[in-house]
Structures are given as C-alpha cells and as structure tokens.
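# A structural walkthrough
Each chain, letter by letter, is given below.
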Amino acid sequence: MSGGADLNYSYGFEVKNSNPISKNLSNGNNVNPQNGNAKKPFKIFIGYDPREDVAYEVCKYSLLKKSSIPIEIFPIKQCELRQKGVYWRERGKLESTEFSFSRFLTAYLADYEGWAMFVDCDFLYLDDIKKLVDLIDDRYAVMCVQHDYTPKETTKMDGAVQTVYPRKNWSSMVLYNCGHPKNKVLTPEVVNKESGAFLHRFQWLSDDEIGEIPFVWNFLVGHNRVVEGDQSTFPKAIHYTLGGPWFEQWKDCEFGDLWLNELEEYQKGHLKKDD
C-alpha cells in the first residue's frame, strides 16, 4: 500500500499558493505561470488527537496564514490509519496523544519522496515556514531541534503522565528526508512493533545523519527563554508541550495570549466562510 496516494483520497489537504495570481492546481501541485513548471507543495503532517481538535485547527491556520510557499497539510488521524490497515498498534499507558507513534509514518505517508515535516498539534507558528524549509540540508536523513530537556513536572496537558527519556521532544517537530535510504526502514510494520526508545530516540539513524535546527523553531514553553534584545532567541514556532490554553488549567500559560488571539482570528474567518 502506498501512503501519499491514498492520503489524497481520504484526507483533506490545504494548499497555500506562493503566487496569489496562480490558481492552476493539478493533483495538489502549484503551477507557476511564469515558467510553466509545476512546483510541488511542501507536505506538512500534523499530529491529530480528537481532544485537541482546536489546537490542530489553530496550528494549521497559523501555518497557512504565514506561508509564502505552497504547502499541503495533512492531519495524522489514528482512526483513519486503523481503517486503512496502516496502524494497528495497541495504545500504551504512557502515550499522552493518539499520534505518539503514528508520527513515525510520515516518510511512508509521503511515499518516501522529497522532504516533509511532522509537527505536534500543540504548535503555534509565528513566522513563515519557508524560512525553515530553507534550512533543509540533503546530507541528513532528518533534521530537528536537538533539545536538552528534562521536565520537572510529573504530568502534562489534561493529567497525562510526563515521561523522561534521552532526546525528549526531538520527535515533536521533524523535517524528514523521506527518500533517504535509512528512512525507508520506517514501514508500517516497524512503526507498529518497535519500542518507543527505538523511534523517539531515532535509533534507526546514526548521530551524523541527524541535522540540527535552531531552537526557535520548536520553542518549548516553560523551558526555552527569550533573551531581551536578542532577536535570535524569539520564537518562530511556539510549542505548548506541557499544555496549551485550550485546556482550562493552562489558559494563563506563557505565550497563551498569542494562541488565544490566533484562535479568535481563526474563528472570525471561519464564521465569515459560513456566512
């Protein structure tokens, strides 16, 4: 079974055109009328959990609103993957979301072609995703923010158990070189049977196959800090890893006002579409 081809049928995707004049889309591709060459949108897979539907919508909205390049956005919905026979793993007690393991199907879902991104739904994008795509280096199999992160809390979100392990949060936002030979290891069979350590610690790769991205693209609320006067420390993508303002107990979290403002803007735009 191929991944991306089936996804285009069952999953809805959204395309942001780099040129607002160009509306000629064929099979989800953006066509640049200036040179006649089809330009494939950058694929973004967002982890989806029904409990955090609004977080997914706001994350998607923030990506689309700020992107200056064509992008396709796919939610990784466990229920649909199970219906397709792609995901059959039993949920473990320590899995805080439905996409704890299905995230590692990203390369498969992209048909092992080109580059694609996976990101948790609890992100808010403050800058153009093109700036992140421009950092892509074909020498690597994956690229991510290489956090040195040990949470002090014992719980997160709506009471989910907080786990501690090496390379924690590295897998929460990953650029996948989907055609890299090493990533072809990530078949549905492997993703459904391998341990959390093997997957979340990128044990299918050697250290020199993991590229590094500046922390501002996966800015951990409660861990990373903005240094006054240093623009290089200001977040480009905020990650509400402990819990975001869509949960009652986290409404007053750091940067929560930015997320709530984005939610209000999204809802107003949604209402206009329905009118």
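What comes next is a walk through the structure. As the structure is a prediction and not an experimental result, all values here were calculated from the model.

### So, the overall build of the chain
Assigned secondary structure in the chain consists of eight helices and 14 strands. Residue burial in the chain is summarised as follows: out of 275 residues, 52% are buried. Considering only residue pairs separated by 6 or more positions, the chain has 71% of its internal contacts joining residues 24 or more positions apart. Counting only carbon and sulfur atoms, one obtains 49% of the accessible surface of the chain, whose full area is about 13000 Å².

### Focus: the pairing of strand E6 (residues 115–119)
Among the five residues in E6, five count as buried, and that is most of the element. Because side chains alternate across E6, one face comprises the buried residues Trp115, Met117 and Val119, and the other comprises Ala116 and Phe118, equally buried. Of the strand pairs in this sheet, strand E4 (residues 42–47) and E6 are connected by four bridges, and their pairing is parallel. Along E6, the bridge assignment pairs lysine 43 with alanine 116. Sheet topology places E6 next to strand E11 (residues 173–177); five bridges connect them, and they run antiparallel. Pairing of alanine 116 across the sheet is with tyrosine 176, part of E11.

### Points about the nonpolar core
The biggest cluster of nonpolar side chains holds 76 residues, and the ones touching the most others in it are Ile44, Met117, Tyr125, Ile129 and Met173. The element contributing the most residues to this core is helix H2 (residues 53–66), with six residues. Setting aside anything within four residues of it in sequence, one finds isoleucine 44 in contact with Leu63, Ile71, Glu72, Ile73, Phe74, Met117, Val119 and Ile129.

### Side note on the environment of phenylalanine 202
Assignment of secondary structure puts phenylalanine 202 in the loop between helix H7 (196–200) and strand E12 (210–212). Once the C-alpha coordinates of phenylalanine 202 and tryptophan 170 are considered, the two residues, 32 residues apart in sequence, prove to be 8.9 Å apart. In contact with phenylalanine 202, other than residues within four places in its own chain, are Phe104, Cys144, Arg167, Trp170, Ser171, Val174, Ala197 and Ile210.

### So, the sheet that holds E12
What holds strands together in a sheet is hydrogen bonding between their backbones, with the strands either parallel or antiparallel. In space, the six strands of this open sheet follow the order E5-E4-E6-E11-E8-E12, with mixed pairing throughout. For this open sheet the edge positions go to strand E5 (71–76) and E12, each flanked by a neighbour on one side alone. Direction aside, neighbouring strands of the sheet carry axes that sit 25 degrees apart on average.

### Structural notes on the side chain of histidine 200
Along the chain, histidine 200 falls in helix H7. Here serine 100 takes part through its backbone oxygen, which lies 3.1 Å from a polar atom of the side chain of histidine 200. Engagement of the side chain of histidine 200 in a polar contact is seen with the side chain of serine 171, the distance being 2.9 Å.

### Description of the pattern of salt bridges
According to the stated counting rule, one finds 15 salt bridges in the structure shown. The salt bridge involving glutamate 262 is made with lysine 65; its shortest N-O contact spans 3.2 Å. Of this pair, glutamate 262 sits in helix H8 (residues 256–274) while lysine 65 sits in helix H2, and the two are 197 residues apart along the sequence. Given the relative accessible area of 8%, glutamate 262 is considered buried. Two residues, aspartate 127 and lysine 236, come together in a salt bridge whose shortest N-O distance is 3.0 Å. Note that aspartate 127 is positioned in the loop between strand E7 (123–125) and helix H5 (129–133) and lysine 236 in the loop between strand E13 (219–220) and strand E14 (237–239), a separation of 109 residues in sequence. Taking relative accessible area as the criterion, lysine 236 reaches 25% and is therefore assigned partly exposed. Among the charged side chains, a network of salt bridges with common partners joins Lys65, Lys66, Glu262 and Glu265.

### Some remarks on the sheet that holds E13
With mixed pairing, the three strands of this open sheet are ordered in space as E7-E14-E13. Two strands bound the open sheet, and with one partner strand each, they are E7 and E13. Here two bridges tie E13 to E14, and the two strands are oriented parallel to one another. Bridge pairing in E14 places leucine 220 opposite histidine 239.

### Brief notes about the state of the cysteines
Applying the stated criterion to the full structure yields zero disulfides. Lacking any disulfide linkage, cysteine 121 is separated from the closest cysteine sulfur, that of cysteine 59, by 7.3 Å. Its relative accessible area of 1% is what places cysteine 121 among the buried residues.

About the cut-offs
- Residues numbered from 1 in each chain as written.
- Predicted model: local features only at pLDDT ≥ 70, side-chain atom pairs only at ≥ 80, totals over all residues.
- Heavy atoms only, no water.
- Helix = DSSP H or I, 4+ residues; strand = E, 2+ residues; numbered from the N terminus.
- Buried < 20%, exposed > 50% of the residue type's maximum accessible area, 1.4 Å probe, protein only.
- Contact = heavy atoms within 4.5 Å.
- Areas by Shrake-Rupley, 256 points an atom, 1.4 Å probe, with all protein chains shown as cover.
- Pairing = 2+ DSSP bridges.
- Core = buried A, V, L, I, M, F, W, Y, C linked by side-chain atoms within 4.5 Å.
- Axes fitted to C-alpha atoms, helices over the stretch in contact; angles between N-to-C directions.
- Polar contact = N/O pair within 3.5 Å; in protein donor to acceptor, adjacent residues only side chain to side chain.
- Salt bridge = Lys/Arg side-chain N within 4 Å of Asp/Glu carboxyl O.
- Disulfide = S-S within 2.5 Å.

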